[in-house]
Amino acid sequence: MSIHKPVAVGPGYGVGRKTRPASDSTVSLGGQGTKRRGKRRITLDGFMDIPMDIFLEITAHLLPMDILNLSRVSHRLRDVLLSKDSRAVWATARRNVVPPLPDCPPCISEVTYAHCIFELRCEACNIPCSKNICPAVPVRLCGRCAEANIVYAAQQERKIGPKTKRVLRLVPKAETESAGSSPMTELQDLDGLYYAPELNAVYKEYSALYKERDKDEGKALQEFELRRKAETLERREFAEAVFAWIADAAEEKLKTEQGRKLRHTAAVRAKLNELGVAKRDLPIHYMSDWIRLVHRPYELTPRAWEELRPQLLTLIEANRRLQHAKIIESRRGLIAHFYRSIEQMRFKKLTLPTVEEALRLPCLENLINNANSRTVEQTQFYAILPKLFREAREYQRSRRHDLAKMIVKADEGRGARRTKRRKANAGKSSIADAVLLDAPSSIFRCHGKGRGAVDESCCSMALSCAGILEHWKNVHRSESWSTWLADSVRAAKREREPHVVERLLDALGLPRQTSMTAVEELKATFITGKKGNRIWLRVSNSCPARCSLVFNSS
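The residue count restarts for each chain, going from 1 along the sequence in the order it is written. Where local features are concerned, this predicted model is filtered to residues with pLDDT of at least 70; where side-chain atom pairs are given and counted, the filter is 80 or more; whole-chain, interface and lining totals use all residues. Computation of side-chain values covers all heavy atoms of the structure but excludes hydrogens and water.

**Comments concerning the packing of helix α15 (residues 362-369) against helix α17 (residues 385-410)**
(1) Moving on: At a minimum axis separation of 8 Å, α15 and α17 run at an interaxial angle of 135°. Regarding the angle of α15 to α17, the classification is oblique. Residue-level contacts link Pro-362, Cys-363 and Leu-364 of α15 to Lys-387, Leu-388 and Glu-391 of α17.
(2) Moving on: Under the grouping applied here, Gly and all other residues not named as nonpolar or charged are polar, the nonpolar ones being Ala, Val, Leu, Ile, Met, Phe, Trp, Tyr, Cys and Pro and the charged ones Asp, Glu, Lys and Arg. Here the residues of the contact of α15 with α17 are counted per class, giving four nonpolar, no polar and two charged. Interaxial angles span 0 to 180 degrees and are taken between N-to-C directions of axes, which are lines fitted to C-alpha atoms, for helices over the stretch in contact. For the purposes of this entry, the term helix denotes a DSSP run of H or I that reaches at least four residues, the term strand denotes a run of E that reaches at least two, and both are numbered from the N terminus. The scheme is simple: roughly parallel for angles under 35 degrees, roughly antiparallel for over 145, roughly perpendicular for 65 to 115, oblique for anything else. Here, residues are in contact when the closest pair of their heavy atoms is within 4.5 Å.

**Some thoughts on the environment of Tyr-206**
(1) Moving on: Position of Tyr-206 among the secondary structure elements: in helix α10 (residues 196-211).
(2) Moving on: Considered as a pair, Tyr-206 and Val-167 are 39 residues apart in the sequence and their alpha carbons are 7.5 Å apart.
(3) Moving on: Leave out the neighbours within four places in its chain, and Tyr-206 touches Lys-163, Arg-166, Val-167, Leu-170, Leu-221, Phe-224 and Glu-225.

**Digging into the packing of aromatic side chains**
Each aromatic ring pair is summarised here by two numbers: the centre-to-centre distance and the angle between the ring planes.
(1) Moving on: Only Phe, Tyr and Trp rings take part, Trp by its six-membered ring, and two of them pair if their centres are within 6.5 Å. Stacked means planes under 30 degrees apart, edge-to-face means over 60, and tilted covers everything else. Following the criterion strictly, the structure yields five aromatic pairs and no others.
(2) Moving on: Centre to centre, the rings of Phe-118 and Trp-245 are 6.5 Å apart; their planes meet at 70°, and the pair counts as edge-to-face. On the criterion of sequence distance, the pair formed by Phe-118 in helix α6 (residues 110-118) and Trp-245 in helix α11 (residues 219-274) is long-range, its members being 127 residues apart.
(3) Moving on: With a 1.4 Å probe rolled over the protein chains alone, any residue whose accessible area is under 20% of its type maximum counts as buried; one over 50% counts as exposed, and the rest are partly exposed. Taking relative accessible area as the criterion, Phe-118 reaches 21% and is therefore assigned partly exposed.
(4) Moving on: On the basis of relative accessible area, Trp-245 is assigned to the buried category, the value being 11%.
(5) Moving on: An angle of 20° between the planes, with centres 6.2 Å apart, marks the rings of Tyr-206 and Tyr-210 as stacked. Within this pair, Tyr-206 and its partner Tyr-210 are both found in helix α10, separated by four residues, close to a single helical turn.
(6) Moving on: Accessibility expressed as a relative area gives 31% for Tyr-210, which makes it partly exposed.

**A look at the environment of Glu-317**
(1) Moving on: Residue placement: Glu-317 occurs in helix α13 (residues 302-343).
(2) Moving on: Relative accessible area serves as the criterion here: at 35%, Glu-317 is assigned to the partly exposed category.
(3) Moving on: Considered as a pair, Glu-317 and Asp-281 are 36 residues apart in the sequence and their alpha carbons are 8.1 Å apart.

**Focus: the packing of helix α3 (residues 64-71) against α6**
(1) Moving on: For the pair α3 and α6, interaxial distance at closest approach is 9 Å and the crossing angle is 110°. The angle between α3 and α6 places the two elements in the roughly perpendicular class. For the pair α3 and α6, the sense of crossing is left-handed. The residues of α6 that touch α3, namely those facing Pro-64, Met-65 and Leu-68, are Ala-114, His-115 and Phe-118.
(2) Moving on: Class assignment of the residues belonging to the contact of α3 with α6 gives a composition of five nonpolar, one polar and no charged. What makes a crossing left-handed is the near helix being turned counterclockwise from the far one by less than a right angle; a clockwise turn instead makes it right-handed.

**Thoughts on a nonpolar patch on the surface**
(1) Moving on: What goes into a patch is any residue over 30% in relative accessible area without a salt bridge, connected to like charges within 9 Å or, for nonpolar side chains (Val, Leu, Ile, Met, Phe, Trp, Tyr), within 5 Å. Only the protein chains shown count as covering a residue, and every accessible area follows the Shrake-Rupley method with a 1.4 Å probe. Salt bridge, as applied in this entry: a Lys or Arg side-chain nitrogen positioned within 4 Å of an Asp or Glu carboxyl oxygen. A cluster of nonpolar side chains, Met-52, Leu-56 and Val-80, forms an exposed patch at the surface whose accessible area comes to about 240 Å².
(2) Moving on: Relative to the elements of secondary structure, Met-52 occurs in helix α2 (residues 52-59).

**Concerning the side chain of Asn-149**
(1) Moving on: Checked against the element boundaries, Asn-149 lands in helix α7 (residues 143-149).
(2) Moving on: With a relative accessible area of 1%, Asn-149 lands in the buried category.
(3) Moving on: What qualifies as a polar contact is a pair of N or O atoms within 3.5 Å, subject to a donor-acceptor requirement within protein and to the restriction that residues adjacent in sequence count only when both atoms come from side chains. A distance of 2.6 Å separates the side chain of Asn-149 from the backbone oxygen of Cys-145, its partner in a polar contact.
(4) Moving on: Not counting chain neighbours up to four residues away, the residues in contact with Asn-149 comprise Pro-6, Val-7, Leu-141, Tyr-194, Tyr-195, Ala-196 and Pro-197.

**Here we look at the pattern of salt bridges**
(1) Moving on: The full count for this structure, using the stated rule, is 18 salt bridges.
(2) Moving on: Between Arg-72 and Glu-119 there is a salt bridge; the shortest N-O distance is 2.8 Å. Linking Arg-72 in the loop between α3 and α4 (75-81) with Glu-119 in the loop between α6 and β3 (132-134), this pair joins segments that are 47 residues apart in sequence.
(3) Moving on: For Glu-119, a relative accessible area of 8% puts it in the buried group.
(4) Moving on: Glu-198 serves as the salt-bridge partner of Arg-228, at 3.2 Å between the closest nitrogen and oxygen. With a gap of 30 residues between them, Arg-228 in helix α11 and Glu-198 in helix α10 connect regions that are remote in the sequence.

**A short note on helix α21 (residues 481-488)**
(1) Moving on: Regarding α21, the residues found buried are Trp-481, Trp-484, Leu-485 and Ser-488. With its buried residues spanning 105° around the axis, α21 presents them on a single face. Pointing more than 90 degrees away from the buried face of α21 are the exposed residues Ser-482 and Ala-486.
(2) Moving on: Turning to α21, the residues buried within the fold contact α14 (355-358), α17, β7 (444-446), α20 (465-475) and β9 (489-491). Note that the arc is defined by the directions from the helix axis to the C-beta atoms.

**Here's the deal with the nonpolar core**
(1) Moving on: Residues grouped as a nonpolar core are buried Ala, Val, Leu, Ile, Met, Phe, Trp, Tyr and Cys residues, joined through side-chain atoms within 4.5 Å. Membership of the largest hydrophobic core comes to 22 residues, with the highest contact counts inside it found for Ile-335, Tyr-339, Ile-342, Leu-359, Leu-364, Phe-381 and Leu-388.
(2) Moving on: Among the secondary structure elements, those contributing two or more residues to this core are α13, α14, α15 and α17.
(3) Moving on: Of all the elements, α13 adds the most residues to this core, at six residues.
(4) Moving on: Beyond its immediate sequence surroundings of up to four residues, Phe-381 is in contact with Ile-335, Phe-338, Tyr-339, Ile-342, Leu-364, Leu-367 and Leu-388.

**Notes on α13**
(1) Moving on: The end-to-end C-alpha distance of α13, which contains 42 residues, comes to 60 Å, matching closely the 62 Å that a straight helix rising 1.5 Å per residue would cover.
(2) Moving on: To get the bend at a residue, fit one axis to the 7 residues ending there and another to the 7 starting there, then take the angle between the axes. Remark: the principal bend of α13, roughly 35°, maps to Leu-308, with a proline, Pro-310, within the next four residues. Multiplying 1.5 Å by the residue count of a helix minus one yields the expected span of that helix.

**A closer look at unusual backbone geometry**
(1) Moving on: With an omega of -5°, the peptide bond running from Val-98 to Pro-99 counts as cis.
(2) Moving on: In this structure, Pro-99 sits in the loop between α5 (87-95) and α6.
(3) Moving on: For Cys-129, which is not a glycine, the phi torsion comes out positive at approximately 60°.
(4) Moving on: If you trace the backbone, Cys-129 turns up in the loop between α6 and β3.
(5) Moving on: Although it is not a glycine, Glu-217 sits at a positive phi angle of roughly 60°.
(6) Moving on: By relative accessible area, which is 71% here, Glu-217 ends up exposed.

**Some remarks on the confidence of the model for the chain**
(1) Moving on: The quantity called pLDDT is the predictor's confidence in a given residue, expressed from 0 to 100. For the chain, per-residue confidence averages 77 on the pLDDT scale, and residues scoring 70 or more make up 73% of the total.
(2) Moving on: Every residue in residues 22-35 is under pLDDT 50, and counting partners more than four places away or in other chains gives 33 contacts.

**Concerning the side chain of Glu-391**
(1) Moving on: As for its position among the elements, Glu-391 is in helix α17.
(2) Moving on: If sequence neighbours within four positions are ignored, Glu-391 has contacts with Leu-361, Pro-362 and Cys-363.

Below, the structure is given as structure tokens:
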């Protein structure tokens, strides 16, 4: 509501219709100055007849924005509140603002002052949320209207001509932020931004007085310059005071919001304590969602709590699950470390599962899931070792049974009676599996090259039952047993491995009917390989230099 009307070029120009004050007779609840069926009408006749002291007492409790809205209700209220006699009403409303607003200088009307500070719409195009405030003018503009109306002094120099510097001293700068803490002087820096409508109006008035300076010896022009310079200095000081108030108001608003957020957070935590939620259950891993729900700048009402409680409990439950998963993962890591320490030990006739397989054994699963604490003591782990070995033996029996079934399947076609007898014995007991796997002809080959093997050089070799179990554990530990057994392991058929077992037993100095158990008791692992016309036999992984034999295959 500046005296000098700005040019409207913003996106809100020409959009919608301008609102007009309602008539003095009626105001409908459905809209301003409209009559609708079924709507109760409120008459203003009685309100406008109240005594002036009562009206002033009512307005004394309002804020400047409330007075602005009240002036738009009807023509009579607009005439009353926008008249010069109602300056005291606006001044009283301005004193109700916290922190207190700077006093309005006489050269600026209270209505213009209130419109510039509290009305968020652009004065030119009426678009909302306009943030460019020029208190020295005073005017509030949107971005595009500010570019059209607030210009640099150099842009007006051609239009004004040689009188540019004299005219610029008569108009305050249209700054949208504080110029700093430098002291105000009558001569302002001429470089900067100026409000073009006011600058053009002052230039026209100055030019008219300059042309008539000979009539009164330039007294009118001199008085005009002195009055404008004093008014410019006053408006510049007023603009700095407004900028300081804006900073203080923002700080005060931030403090108020922080206080409300703290009270809201304390109220929410008190409610959660009543529900039995401990401090460790608070969802620190979902901090952004937690802050959005808990740190709100208003009071916690019963209705707000009913809407907030299910969302908070969902976050708390998700955090509990995440915390429990982290504890379980930590305990799994400690138990895996303890297990690797005993895995390096060699147990007679016992092949321990891999770490991944062992952690799925019932005894270790119970120890992992007993998450009363984040850590697992080494004494707790050693206390379940007997049970762990029992389950490891059962684990080994199941793996040996799978290998026994593979031998039976490979022997199909070698002899109906022999195959039938082996099928009948396989799977009846662990003793039957042991007899079948102890036979010198029960050997296996791994064809798992390129399938995640740690060391592919050990694949494609003939292995005994104990050897194939150790081979899977050491080389193919990243693969599951069932997948690796189905895809990579084959039981070697006797007719495809001519006299390999006999030659191995001859090399070891053992009878040809010696079982694999006897070979294992000699701490020898049965591994053979073939290179060209020669077969090399490795009877031990621990001492290959002493136990490796090479001879011609022919």
